[in-house]
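A structural walkthrough
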Amino acid sequence: MATVSEFREYFVRSWNAMYYVTSLQKWSNGQLCLSPNLIHFKSNDLEISSTGENPIELYLNVSQISSICKVMSSFVFPAIKITQINGEWHWFSSFENRNEVFLLINHFFQKRACQNVLSSSSSLSSSTLLPYDHQRTKMGTELLQSVYDSQATLQKGAVSLVEQGHQLRNAAVKMEEIHEDLTVAERITKGINSWLGRWKLPPTVKADELILVRDNDIPDVWDIEALCSKIIGCRHENQNINVFRISGDGLSIIDMKQKLLHHFKLSDISCIKVVSPWEIFVTQSFIGQPDLSFNVISSSLPSLLPKLEQYFKRKIEYMNPPDSHQTRHFEPHWDKPVVKSLKSKSTPKSLSDNVNDREQLVVSTEKQKSIISDAEISELTSTLANLKSLALDIQVEQTEQLTVIDSLTQSVTKANDRIQSVNKVINKNNK
């Protein structure tokens, strides 16, 4: 058991699988491991020793994946195809349960994809500085940094302006609805005398007591999307995408149609085993019957572990110490080739070669410091053109918003007058 816990300190789940090596046009047997940000494959040592070939080691950054799909290898064997943003594809096959592997990988891939969309605007300036790093000069770098900072500031202002425009348009729609309601109120108040006649309201009207809702009256409930599988004794059911709910009265498993599948009361839970920050086992023990457990895996689970400790502190068991969950996994080199080859020994250069290289480096460095390269001028031109286009769009949006504000001000003034006239009629009928 210690071996399993030590291994899962680094990965969410691992499987025996086969990977198709395109360069060798053959399948390699090994182990596929999944972490929240990384997919790692490594060929088995037995296969390496028998064939005498170099070890196959693959690192796939989840953020660099464009799609994951189920396919059939040779129209017979079920496999999983992973396609990267650069167009490279990778085939994995020979899984014990392909559907389980696909659901887990796709779950973390979709979570990472949402994070990339949210952070794409903030990383725009840093990503645009990459193409001409080898031609950078000091003056060009400073100018480009200033332009990109201005572009980032202008983009933030444009986003805020667009959000403000949506709010103003929503306010204008609400004002139209208020005017429609006022039209109905005016029609009713005009005929109120004929309806009531000489009737009068009682001198005192008993008001209903207000019901105040405080923050403490609202139960604390947290829902996350998770992959859940039911375990009764030694029988494991298939994993499904469900909702895992944590609340003060227990834990609930709900399907995507909001139907309650199972609820663990606080007194029913025997233990909660934390395998990793992304995987837990919730167990209810019975006397004379098999235990009931649910395996829950979610990329959002680390943020809810403190809540589990808050409500179920006495029933949580860590298969690894909590501190070990915060350790950094490893630092793979994303720009390295897929097939890991043996390191070749480089021959040392002579002293004269080193001196010549150093002189050439100094000369090239001085030249770069003195001028701005053509690549930087081209980049500055395109960036300034983008800034001009963005500024024109902001001007158009600002003009439209000023028109909306003027019409909204007139609409509010007209609605205020109509409300006062309706109140006068109602007060007159109440006398």
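Under an unreviewed UniProt entry, the protein has the name Synaptosomal-associated protein 47 and belongs to Biomphalaria glabrata. Quoted verbatim from the Sequence similarities (unreviewed entry) field of UniProt, the annotation for the protein is "Belongs to the SVAP1 family."

**Here we look at the sheet that holds strand β6 (residues 77-84)**
Taken together, the seven strands give an open sheet; going across it, the order is β4-β3-β2-β1-β7-β6-β5, and neighbouring strands pair in antiparallel fashion. Looking along the sheet, the strands with just one partner apiece sit at the ends: β4 (57-61) and β5 (65-73). Here the strands of the sheet are splayed against their neighbours by 30° on average, with no regard to which way each runs. Bridge analysis of strand β1 (residues 13-21) against strand β7 (residues 89-93) gives two bridges, and the strand direction is antiparallel. Of the residues in β7, the one forming a bridge with Y19 is F92.

**Observations regarding the environment of S299**
Inspection of the secondary structure assignment puts S299 in the loop between β15 (292-297) and α7 (305-311). Sequence separation of S299 and I224 is 75 residues, and the distance between their C-alpha atoms is 9.0 Å. Non-local contacts of S299, meaning those with residues more than four positions away in its chain, are made with H107, F108, K111 and W278.

**Concerning the side chain of N242**
Looking at the element boundaries, N242 is found in strand β10 (residues 240-247). Judged by its relative accessible area of 7%, N242 is buried. With residues up to four places along the chain from it excluded, the contact list for N242 reads I224, E225, A226, C228, I253, I254, D255, M256 and L261.

**Thoughts on the pattern of salt bridges**
This model, assessed by the stated rule, comprises eight salt bridges. Ionic pairing is found between R245 and D223, a salt bridge with its closest N-O pair at 2.8 Å. One end of the pair, R245, is in strand β10; the other, D223, is in strand β8 (residues 221-232), with 22 residues separating them in the sequence. Relative accessible area serves as the criterion here: at 25%, R245 is assigned to the partly exposed category. With a relative accessible area of 40%, D223 lands in the partly exposed category. One continuous salt-bridge network, built from bridges that share partners, spans R13, E100 and E279.

About the cut-offs
- Residues numbered from 1 in each chain as written.
- Predicted model: local features only at pLDDT ≥ 70, side-chain atom pairs only at ≥ 80, totals over all residues.
- Heavy atoms only, no water.
- UniProt positions renumbered as here; feature names shortened; annotations may be inferred.
- Pairing = 2+ DSSP bridges.
- Helix = DSSP H or I, 4+ residues; strand = E, 2+ residues; numbered from the N terminus.
- Axes fitted to C-alpha atoms, helices over the stretch in contact; angles between N-to-C directions.
- Contact = heavy atoms within 4.5 Å.
- Buried < 20%, exposed > 50% of the residue type's maximum accessible area, 1.4 Å probe, protein only.
- Salt bridge = Lys/Arg side-chain N within 4 Å of Asp/Glu carboxyl O.

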